[in-house]
Amino acid sequence: MSPLSSPACPMCRRAASPEHAPFCSPRCKDRDLLKWLGDGYAIPGDPVDDEALDNESARD
Ligand SMILES: [Zn+2]
């Protein structure tokens, strides 16, 4: 009984399909992609931008 021989879909925990690994279907693949996109939109502005602005105004 090796866990590697029967991976589970991270979205719905069903048996993953080799065609859509590590997911069981294109549906779960899309859901994972949308989740990542949502996380990306939730990330606030890059803090490095603030420092760059600070340096520019101090130089001016
Ligand atoms: Zn699935």
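Criteria and thresholds
- Residues numbered from 1 in each chain as written.
- Predicted model: local features only at pLDDT ≥ 70, side-chain atom pairs only at ≥ 80, totals over all residues.
- Heavy atoms only, no water.
- Helix = DSSP H or I, 4+ residues; strand = E, 2+ residues; numbered from the N terminus.
- Buried < 20%, exposed > 50% of the residue type's maximum accessible area, 1.4 Å probe, protein only.
- Contact = heavy atoms within 4.5 Å.
- UniProt positions renumbered as here; feature names shortened; annotations may be inferred.

**Re the side chain of H20**
Link 1 in the chain: Structurally, H20 can be placed in the segment before α1 (26–42).
Link 2 in the chain: Note on H20: relative accessible area 19%, which makes it buried.
Link 3 in the chain: Dropping the residues within four chain positions of it, H20 is found in contact with S25 and P26.

**Observations concerning the UniProt feature "binding site: Zn(2+)" (unreviewed entry) in the protein chain**
Link 1 in the chain: According to UniProt, the positions carrying the feature "binding site: Zn(2+)" (unreviewed entry) are C9, C12, C24 and C28. The greatest C-alpha distance among the annotated residues, which extend across 20 residues, is 8.2 Å, indicating that they converge on a single site.
Link 2 in the chain: Within the element layout of this structure, C12 appears in the segment before α1.
Link 3 in the chain: Those residues in contact with C12 that sit more than four places away from it in its chain are C24 and C28.
Link 4 in the chain: Within the secondary structure, C24 is located in the segment before α1.

**Points about unusual backbone geometry**
Link 1 in the chain: The omega angle of the peptide bond from A21 to P22 is 0 degrees, so this bond is cis rather than trans.
Link 2 in the chain: Within the element layout of this structure, P22 appears in the segment before α1.
Link 3 in the chain: The phi dihedral of R13 falls on the positive side, at around 70 degrees, and the residue is not glycine.
Link 4 in the chain: Mapped onto the elements, R13 comes out in the segment before α1.

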